[in-house]
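# Descriptive structure summary
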Amino acid sequence: MSDPARDIRYFHRLEQTAFMKLEHAASLKGLLKPFKGKGDLESWANHCFAMRDELIGLAQRQVLQQVVGHPFHLLPIELAQQTTGAGTAFLRWRKHDRSVMGVTLWQQLMASTGTPVNLLADLHAIELQRITLNMQISLLHTLGRQAHECASKAAEAEDVYLRRLKSTPPAMRDQ
């Protein structure tokens, strides 16, 4: 019996070099700094959303393109992109007819004796890649959304401050 770990691989997971091409991929640059107001927060939110979108593009170009080809197209399920109402996209397992979706499909595929043993390592690598990318996309989306909410609150605080200053006579402002 051959060792499945030594057989041909059809799926190649993303390596660090793929992430290095993304803007600010090395860290969450800018998160732990003294934001000076609405503009700084909006700028950082936009960077988070841009990184999220670049990561989604990376998943489309380098992950989904691999898993739609041979031999994965012969399987009873597929990995596909699902766009959410919140404006982001995640990788999901689903039947080709889109009737059922979820990780349970992958688990059933892995347990099935009809799944070729030489694909098990690839399917495992695909699932690990899916889990990781979805987490990264979700975090960037949440960070961007939170930064936008903070920018809105900062703008409101600025408005309150400026209204108060306007209502204060100029002579009293310097005290």
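Rules of the game
- Residues numbered from 1 in each chain as written.
- Predicted model: local features only at pLDDT ≥ 70, side-chain atom pairs only at ≥ 80, totals over all residues.
- Heavy atoms only, no water.
- 1 Å grid on protein atoms, 1.4 Å probe; cavity = no way out; pocket = protein on both sides within 12 Å on 5 of 7 lines; lining within 4 Å.
- Points joined across faces, edges and corners; volume = space filled by probe spheres on them.
- Helix = DSSP H or I, 4+ residues; strand = E, 2+ residues; numbered from the N terminus.
- Phe/Tyr/Trp six-rings, centres within 6.5 Å; stacked < 30°, edge-to-face > 60°.
- Salt bridge = Lys/Arg side-chain N within 4 Å of Asp/Glu carboxyl O.
- Core = buried A, V, L, I, M, F, W, Y, C linked by side-chain atoms within 4.5 Å.
- Buried < 20%, exposed > 50% of the residue type's maximum accessible area, 1.4 Å probe, protein only.
- Contact = heavy atoms within 4.5 Å.
- Expected span 1.5 Å × (residues − 1).
- Bend = angle between axes of the 7 residues up to and from the residue.

Scanning all chains against the criterion turns up 2 cavities of 30 Å³ or more. Its boundaries defined by the atoms lining it, the largest cavity holds a volume of some 50 Å³. As for the largest cavity, its lining consists of Val67, Phe72, Leu75, Ile77, Glu78, Leu79, Trp93, Leu123 and Ile126. Only strand S1 (77-83) and helix H4 (120-167) provide two or more residues apiece to the lining of the largest cavity. No other element matches the 3 residues that S1 contributes to the lining of the largest cavity.

This part is about the packing of aromatic side chains. All told, the structure shown has 2 aromatic pairs when counted by the stated rule. Ring centres 6.4 Å apart and planes at 85° place the aromatic pair tyrosine 10 and phenylalanine 72 in the edge-to-face group. Here phenylalanine 72 lies in the loop between helix H2 (38-67) and S1 and tyrosine 10 lies in the segment before helix H1 (16-20), a separation of 62 residues in the sequence.

Counted according to the given criterion, the structure contains 5 salt bridges. Taking the shortest distance from any N to any O, the salt bridge between glutamate 127 and arginine 130 comes out at 2.7 Å. Residue glutamate 127 and its partner arginine 130 are both found in helix H4; the two are separated by 3 residues, about one turn of the helix. We note a salt bridge from arginine 145 to glutamate 149, for which the minimum N-O separation is 3.9 Å.

Judged by nonpolar contacts, the single largest core of 28 residues is most densely connected at Phe72, Leu79, Leu123 and Ile126. Counting only elements with at least two residues in this core, the list comes to H2, S1, strand S2 (89-95), helix H3 (103-111) and H4. Counting residues per element, this core draws most heavily on H2, which supplies 8 residues. The residues touching isoleucine 126, leaving out its near neighbours within four places in the chain, are Phe11, Val67, Phe72, Leu79 and Trp93.

Bringing H2 into the picture now. Here H2 is 30 residues long and its end C-alpha atoms lie 42 Å apart, about the 44 Å a rise of 1.5 Å per residue gives. The largest bend in H2 comes to about 30°, at glutamine 60.

For the rest of this paragraph, the subject is the environment of leucine 58. With respect to the helices and strands, the residue leucine 58 is situated in helix H2. What makes leucine 58 buried here is its relative accessible area of 1%. Separated by 44 residues in sequence, leucine 58 and leucine 14 have C-alpha atoms that sit 9.1 Å apart.

It is worth spelling out unusual backbone geometry at this point. With an omega of 5°, the peptide bond between histidine 70 and proline 71 qualifies as cis. With respect to the helices and strands, the residue proline 71 is situated in the loop between H2 and S1. Although it is not a glycine, arginine 98 sits at a positive phi angle of roughly 65°. Among the residues examined, arginine 98 registers a relative accessible area of 59% and is labelled exposed.

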